[in-house]
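# What the coordinates show
Here is how the chains run, residue by residue.
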Amino acid sequence: MSGRKELFEPIDAKNVRLYVCGPTVYDYAHIGNARPYVVFDILFRMLRRAYGDAHVTYARNITDIDDKIMARAVKEGKTTAEIADYYTGVYHHDLDRLNVLKPTIEPKATDHLPEMIAMMQVLIGKGHAYEAEGHVLFDVPSMKDYGKLSHRPMDEMIAGARVEVAPYKKNPQDFVMWKPSSDDQPGWDSPWGRGRPGWHLECSSMIEKHLGETIDIHAGGVDLVFPHHENEVAQSECAHGETFVKYWMHNGYLVFGGGKMSKSEGNIQTIDGLLKKFGYKGGEALRLMLLTAHYRQPLDFSDEIVIEQRRRLDRWYRVVMGTFASPKVPEEVIQSLEDDLNTPKAIAAMEKLADKAKRQKFASMGRVGVPHNRAAADLRAACNFLGLMEMSPDEWFKGREVVQKKPNSIHLSGSKATVIKDVPGEAEIQRMIDERYKARSEGDYETADRIRIELEEIGVILEDSPTATEWRRKD
Ligand code: AMP
Ligand code: ZN
């Protein structure tokens, strides 16, 4: 809100509260949507480290009622609840693969209708809202400092709100908190008739219920500043008469092909699709990719940068082999993150550790009694803190079985909800290698060759040495 970096001081160090606007669950999420969930996951980890796990409450909601969900349901011949459940499952699966921690609370909009109705009643009572033709609208001019978050002049906000011309509005910039539902649309009974809530109201109500009237940090993508967050401020501050949020944080856009990645631009790459494309290493590679730029800066997406990060992880996993993580996360990494989540700087510090670890590894090669590789142990600790290196080096190089279950079995048109082709497990590969070894030792070279080709087809490369056959997976 101040437009500059500020020193973070919690309202109550025993109860630090963070809210991030969650997804509207009507379709597969794209990799741009993952950016806030990954960068603010780092924030969550930092807060827990600073104040203790038990003293941080992180709420990230699910918007499970929305016109886009309703439209999808009509198109698919399903209920809105079926669509929302299905895509909530996809979202959870996506974030799991990106090693994003579960928030403390994940409230769903549809579980908060009584709270939303109560908030509208308070706002009407205080003269900040009014009913008109089954709608409840927020009366924007009734709030003196409306616009203080986005700092836009009023005429620009009116244009920016892209308000539909509606005869029942007192002022063009007034926004909808409640709208009527027809009989075939989902709706809830209210003092203003059967209807459904607006998106901004959902977040204000869920925050009030789970985190209180004033919270420490509210975050989301920069596209939410106006109108979504501005309107959350209006509703919450006018209802409570208190400051709503102490610190705001907004991530910049993930850009692809010159513009913001978004459905309306038609330039999206779904998380689900990318995970399939990049295989079992994809989750960590995508996560690291999202951390390579500072969160407020734009981030240029391409397959190449994902591949680059996958290679970087190959290098890092190789140098930490045989080392346990240090008990402490290295200070340079923490200091970088403490400075407004400077992840590129943290990654640069980690690269230095990797170089140092590698030099030490070479220096001690062939010596008796390998000394402790402090740099490698530190790198491993830093990775773990950032939600990376959650596999063992062995799993990383040999593959981990990723069984992608369908969240549920409803069939949707054009849905890409296929099951990831399971990577054959290590046991299965070892069995094939043993079989090949046996065939070879019996002089059955035909079988041995066939097995080698089969292994190649599933991306397993064999390296025979006089004493053993080692194997690794191709990327
Ligand atoms: P939505 O489900 O559309 O409300 O978006 C979920 C989150 O993703 C919001 O915090 C958006 O601000 C954010 N977001 C959407 N597109 C992008 C993008 N291209 N880059 C970064 N963040 C984005
Ligand atoms: Zn929100």
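Just above sits the structure.
Now for a quick tour of the structure. In this text, all values refer to a predicted model and were calculated from it rather than measured experimentally. (Residues numbered from 1 in each chain as written. Chains lettered and ligands numbered in written order. Predicted model: local features only at pLDDT ≥ 70, side-chain atom pairs only at ≥ 80, totals over all residues. Heavy atoms only, no water.)

### Focus: the overall build of the protein
Along the protein, the regular secondary structure elements total 16 helices and 13 strands. Looking at the protein as a whole, 54% of its 475 residues are labelled buried. Put simply, of all contacts in the protein between residues at least 6 apart along the chain, 75% involve residues at least 24 apart. Taken as a whole, the protein presents about 22,100 Å² of accessible surface, with 51% of it coming from carbon and sulfur. Across the protein, 65 positive and 73 negative side-chain charges occur, with their mean positions spaced 5 Å apart. (Helix = DSSP H or I, 4+ residues; strand = E, 2+ residues; numbered from the N terminus. Buried < 20%, exposed > 50% of the residue type's maximum accessible area, 1.4 Å probe, protein only. Contact = heavy atoms within 4.5 Å. Areas by Shrake-Rupley, 256 points an atom, 1.4 Å probe, with all protein chains shown as cover. Lys, Arg positive; Asp, Glu negative; His and termini not counted. Charge placed at Lys NZ, Arg CZ, Asp CG, Glu CD.)

### So, the pattern of salt bridges
Applying the stated rule across the entire model yields 32 salt bridges. Close ionic contact of Asp 53 with Arg 48 constitutes a salt bridge, the shortest N to O distance being 3.7 Å. Across the salt bridge formed by Lys 148 and Glu 237, the nearest N and O atoms sit 2.7 Å from each other. Of this pair, Lys 148 sits in the loop between β4 (135–138) and α5 (154–160) while Glu 237 sits in helix α7 (residues 225–240), and the two are 89 residues apart along the sequence. (Salt bridge = Lys/Arg side-chain N within 4 Å of Asp/Glu carboxyl O.)

### A look at the sheet that holds strand β5 (residues 175–180)
What the four strands build is an open sheet, ordered β3-β4-β5-β6; its pairing is antiparallel. The open sheet has two edge strands with one neighbour each: β3 (129–132) and β6 (195–197). Within the sheet, the average angular offset between the axes of one strand and its neighbour, ignoring direction, is 20 degrees. Sheet topology note: the β4/β5 ladder contains three bridges and is antiparallel. (Pairing = 2+ DSSP bridges. Axes fitted to C-alpha atoms, helices over the stretch in contact; angles between N-to-C directions.)

### Brief notes about the packing of aromatic side chains
Tallying each qualifying case throughout the model produces 12 aromatic pairs. Between the aromatic rings of Tyr 37 and Tyr 91, the centroid separation amounts to 5.6 Å while the plane-to-plane angle is 80 degrees, which identifies the pairing as edge-to-face. With Tyr 37 in helix α1 (residues 31–51) and Tyr 91 in helix α3 (residues 80–97), this pair connects stretches of sequence that are 54 residues apart. A residue is classified by how much of its surface remains accessible, and Tyr 37, at 7% relative accessible area, is buried. Linked through ring pairs, Phe 8, Tyr 51 and Tyr 247 together constitute an aromatic cluster. When the ring centre of Phe 44 is taken as origin, the NZ or CZ atom of Arg 48, which lies over that ring, is 4.8 Å away. (Phe/Tyr/Trp six-rings, centres within 6.5 Å; stacked < 30°, edge-to-face > 60°. Lys NZ or Arg CZ within 6 Å of the ring centre and 35° of its normal.)

### Examining the sheet that holds strand β7 (residues 215–221)
Strand order across the open sheet formed by four strands is β2-β1-β7-β8, with parallel pairing between neighbours. Lying at the two open borders of the sheet, with one neighbouring strand each, are β2 (56–60) and β8 (245–251). Sheet twist, expressed as the mean angle between neighbouring strand axes with direction ignored, is 20 degrees. Relative to β2, strand β1 (residues 16–20) runs parallel, the two being bridged by five bridges. The partner of Leu 18 across the bridge, within β2, is Tyr 58.

### Examining the coordination of the zinc ion (ligand 2)
Those protein atoms acting as donors to the zinc ion (ligand 2) are Cys 21 (SG), Cys 203 (SG), His 228 (NE2) and Glu 232 (OE), and they sit at 2.0 to 2.5 Å. Viewed at the metal, the four donor atoms of the zinc ion (ligand 2) are separated by angles of 75 to 130 degrees, and the geometry they form is irregular. Summarised as a motif, the one-chain spacing of the donors to the zinc ion (ligand 2) is C-x181-C-x24-H-x3-E. Separated by 25 residues along the polypeptide, Cys 203 in helix α6 (residues 199–210) and His 228 in helix α7 bring together distant segments of the chain. Of the two residues, Cys 203 and His 228, neither departs from the other in class, the shared state being buried. (Donors = N, O, S within 2.8 Å, 3.2 Å for Na, K, Ca; no water. Tetrahedral: all angles 85-135°; square planar, octahedral: opposite > 155°, others 65-115°.)

### Observations concerning the site of ligand 1
Every one of the 16 residues lining ligand 1 counts as a neighbour, but Gly 32, Gly 221, Asp 223, Leu 254 and Met 261 are closest to it. In this structure, Asp 223 approaches ligand 1 through a side-chain N or O atom, which is 2.4 Å from an oxygen atom. Asn 251 is positioned with one of its side-chain polar atoms (N or O) 3.3 Å from a nitrogen atom of ligand 1. When isolated, ligand 1 has an accessible area of 500 Å², and the protein chains bury 89% of it. Considering each element in turn, the shell around ligand 1 owes the most residues, four residues, to α1. (Near = heavy atom within 4 Å. Polar contact = N/O pair within 3.5 Å; in protein donor to acceptor, adjacent residues only side chain to side chain.)

### Details of helix α13 (residues 374–385)
Taking 1.5 Å of rise per residue, 12 residues should cover 16 Å, and α13 covers 17 Å from first to last C-alpha, within 8% of that figure. The buried fraction of α13 is high, at 10 of 12 residues. If you check which residues of α13 are buried, you get Ala 375, Ala 376, Ala 377, Asp 378, Leu 379, Arg 380, Ala 381, Ala 382, Cys 383 and Phe 385. Against the buried residues of α13 lie α1, α10 (303–320), α11 (331–338), α12 (343–363) and α14 (393–398). (Expected span 1.5 Å × (residues − 1).)

### A closer look at the nonpolar core
Ile 31, Phe 40, Met 289, Trp 316 and Leu 379 are the most contacted members of the largest nonpolar core, which has 84 residues in total. A total of 11 residues in this core trace back to one element, the largest contributor, which is α1. Those residues in contact with Trp 316 that lie beyond four places of it in its chain are Leu 288, Ile 347, Met 350, Glu 351, Ala 354, Leu 379, Cys 383, Leu 388 and Met 389. If you look at the next biggest cluster of nonpolar residues, it comprises 40 residues, including Ala 59, Phe 175, Leu 201 and Cys 238. (Core = buried A, V, L, I, M, F, W, Y, C linked by side-chain atoms within 4.5 Å.)

### Things to note about the packing of helix α15 (residues 426–441) against helix α16 (residues 445–457)
Taken N-terminus to C-terminus, the directions of α15 and α16 make an angle of 155 degrees; their axes are 7 Å apart at the nearest point. One way to sum up the angle between α15 and α16 is to call them roughly antiparallel. Here α15 and α16 pass one another in a crossing that is left-handed. Note on element contacts: α16 touches α15 through Tyr 445, Thr 447, Ala 448, Ile 451, Arg 452, Glu 454 and Leu 455, opposite Ile 429, Met 432, Ile 433, Glu 435, Arg 436, Ala 439 and Arg 440. When the residues that make up the contact of α15 with α16 are grouped by side-chain class, the tally is eight nonpolar, one polar and five charged. (Parallel < 35°, antiparallel > 145°, perpendicular 65-115°, else oblique. Left-handed = near helix turned anticlockwise from the far one by under 90°. Nonpolar A, V, L, I, M, F, W, Y, C, P; charged D, E, K, R; others polar.)

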